[in-house]
Amino acid sequence: MATESSPTTADLLVIFGITGDLARKMTFRSLYLLERRGLLDCRIIGVAGRPLTDAALVETARTSIEGTGEKIDEEIFDRFAARLSYLNGDVQGPGLYQKLAERAGKYRQALYYLEMPPSLFGPIVEQLAAANLLENARVALEKPFGNDLPSAQALNTRLHKVIGEDQLLRVDHFLGKEPVIELEYVRFANLLLAQVWDRASVSCIQITMAENFGVEDRGKFYDPVGALRDVVQNHLLQVLALVTMEPLAGGVGDELRDKKAEVLRAIRPVDPKHCVRGQYNGYLDVPGVAAGSDTESFVAMRLEIDNWRWSGVPVFLRAGKALAETVTEVRLILHRTPRLAFADAPARIAPNQIVIRIDPNPGLRLQIAAHDEKGWRSIDLDTLFRDDFGALATPYEKVLEAGLTGDSRFFAREDAVEETWRIVQPLLDAPPPVTGYARGSWGPSTAALTAGFHGWQEPWLDSND
């Protein structure tokens, strides 16, 4: 059995749900881009329930890639298309897996990618095990992984009866975003930042994930989930773990995931009194949304980390739809400088800030204080990753490449997933009431949440956003 310490590159990729929305919007394009970069070296079998020929699958791939706005190079596409084949059948019945075993028998290492509803994770993995298809194999699972702590624990228990934890890859595409990957390097490779990245210098942490569009045509999917389950329990808490974890000693094997789990264990369960839930005006009119639904399209909360580095530093998270802008960022606000004898109005000196923008147009900003003839003001030192690094790989490129090569760093581990559910579970058990807010605003008032601390800062936007 392959392990994380000695991964083997997959020579077979089996995608369950190849005709679904995720494949159409992300998977086909990401695989094509990997082919263009010379990083794809495997056969690909697409699995779904409806009859489809191999040629029809290739045409679906072409249409999907073009639909994302990607311009197709015919030579590259022909290489990619030659890898594709299709298999249809009932994913809960043994017949499909008997046919899959016949095709997969000559390959040494498989990656099974489940772009399927979570209710099918258990049945599919059990059928793979029954067909003896899990030896020397990895299984990637798309979120959500459970809908609360008990269901996540139950799913883990069920899967572990037939597959090892080192074979499971829980997908969170945020972990494939280049600026999220860069967090580790920005923090620990720069003494300038590493020396101020703790409670002695940081007064609070703010993480924002805002979208200026609503639920649109996804009401049926979104309404049972809401902002908390959709992006906070997974994306934002995974980012927070990278922002606050301790440095790695060796950086090999599973150490990164050890460090993330360690800091997540130190975060207290959120107090419902330190949470604000909102719902944008018009949400109830979205097709698929239940009548009278109290699902939140906005959530903000304050968290506490009980460890030596971050004790006493509040962490504010907010995420929502139909807000003023589309932007995702991490912001560290430092303590104010002490009174300076030569400063004419030291109380007006704004604290320094460190901002990592994840979306759109990723970059790093240092906000410092300066003085001119008009007095004190803040100036921004900005760097944009696309200017320094060129075109960045897409998140699903990174996730698929990592899954094929067995790089576990880009996936959430069992203990981290269960810790994030533990942190938000009080809000699932006793959710605060939702408050309406206008589309195009920054959500309902969170003044009570941030009282006594820095209020929410205006996100970093520029003329190109």
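No experiment lies behind these values; they were computed from the predicted model shown.

Enquirer: Any chance you could explain the environment of Pro 351 here in plain terms?
Expert: Topologically, Pro 351 is positioned in the loop between strand S11 (327-334) and strand S12 (353-359). Look at Pro 351 and you get buried, because its relative accessible area is 8%. A sequence separation of 153 residues divides Pro 351 from Asp 198, and the C-alpha atoms of the two residues are 15 Å apart.

Enquirer: Even after reading the chapter, I still don't get the pairing of S12, so can you show me in this structure?
Expert: Two faces make up the sheet, and in a regular strand the side chains alternate between them. Most of S12 is tucked away: 6 of the 7 residues are buried. Both S11 and S12 contribute to a ladder of 6 bridges, which runs antiparallel. Directly across from Glu 329, in S12, lies its bridge partner Arg 357. Taken together, the 5 bridges between S12 and strand S13 (residues 363-372) define a ladder with antiparallel strand orientation. By the bridge assignment, Arg 357 is partnered in S13 with Gly 363.

Enquirer: What am I meant to see in the sheet that holds S11 here?
Expert: Strands belonging to one sheet form pairs held by backbone hydrogen bonds; the direction of such a pair is parallel or antiparallel. The mixed open sheet is built from 9 strands, whose spatial order is S14-S13-S12-S11-S7-S10-S9-S8-S16. Each having just a single partner strand, strand S14 (375-384) and strand S16 (434-437) make up the two edges of the open sheet. On average, each strand axis in the sheet is tilted by 20° relative to the strand beside it, whichever way the strands run. Lying on the sheet, helix H10 (residues 226-244) is in contact with strand S7 (202-210), strand S9 (298-303), strand S10 (315-320), S11 and S12; it crosses S10 at an angle near 145°.

Enquirer: Can you help me understand helix H6 (residues 149-160) in this one?
Expert: Count 3.6 residues to each turn of an α-helix, and residues three or four apart come out pointing the same way. When the terminal C-alpha atoms of H6 are compared, their 17 Å separation across 12 residues agrees well with the 16 Å that a helix rising 1.5 Å per residue should span. Residues of H6 that are buried include every one of Leu 149, Ala 152, Leu 155, Asn 156 and Leu 159, and no others. One side of H6 carries all its buried residues, which in axial view fall inside an arc of 130°.

Enquirer: Sorry if this is basic, but what is going on with the sheet that holds strand S4 (residues 110-114) here?
Expert: Strand order in this open sheet of 7 strands is S3-S2-S1-S4-S5-S6-S15, and the pairing throughout is mixed. Two strands lie at the open edges of the sheet, namely strand S3 (84-88) and strand S15 (411-412), each paired on one side alone. Note that strand S1 (residues 12-16) and S4 share 5 bridges and pair parallel. Within S4, the position partnered with Ile 15 by the bridge is Tyr 113. Its contacts with the sheet place helix H13 (residues 395-405) against S1, S4, strand S5 (137-141), strand S6 (168-171) and S15, and it is angled at close to 140° to S4.

Enquirer: So what exactly am I meant to see when it comes to the nonpolar core here?
Expert: Nonpolar side chains tend toward joint burial in soluble globular proteins. One finds Phe 16, Leu 100, Tyr 112, Met 301 and Leu 303 to be the most contacted residues of the largest nonpolar core, which totals 105 residues. The dominant element in this core, judged by the number of residues it contributes, is H10, at 11 residues. What Leu 100 contacts, discounting residues up to four positions off in sequence, is Val 14, Phe 16, Ile 45, Leu 87, Tyr 112, Leu 128 and Leu 133. Counting residues in each nonpolar core, the second largest holds 38 residues, with Ala 10, Ile 15, Leu 34 and Leu 84 among its members.

Enquirer: Looking at this model, I keep getting lost on helix H1 (residues 21-36). Mind explaining?
Expert: An ideal rise of 1.5 Å per residue puts 22 Å on 16 residues; H1 measures up with 23 Å between its terminal C-alpha atoms. The axis of H1 is deflected most strongly, by about 35°, at Thr 27. Packing partners of the buried residues in H1 comprise S1, strand S2 (43-48), helix H2 (54-67), helix H3 (74-81) and H13. Looking at the residues trailing H1, positive phi occurs at Gly 38, about 75°.

So, how was this worked out
Residues numbered from 1 in each chain as written. Predicted model: local features only at pLDDT ≥ 70, side-chain atom pairs only at ≥ 80, totals over all residues. Heavy atoms only, no water. Helix = DSSP H or I, 4+ residues; strand = E, 2+ residues; numbered from the N terminus. Buried < 20%, exposed > 50% of the residue type's maximum accessible area, 1.4 Å probe, protein only. Pairing = 2+ DSSP bridges. Axes fitted to C-alpha atoms, helices over the stretch in contact; angles between N-to-C directions. Contact = heavy atoms within 4.5 Å. Expected span 1.5 Å × (residues − 1). Arc of directions from axis to C-beta. Core = buried A, V, L, I, M, F, W, Y, C linked by side-chain atoms within 4.5 Å. Bend = angle between axes of the 7 residues up to and from the residue.

Functional significance is not addressed by these values, which are geometric in nature.
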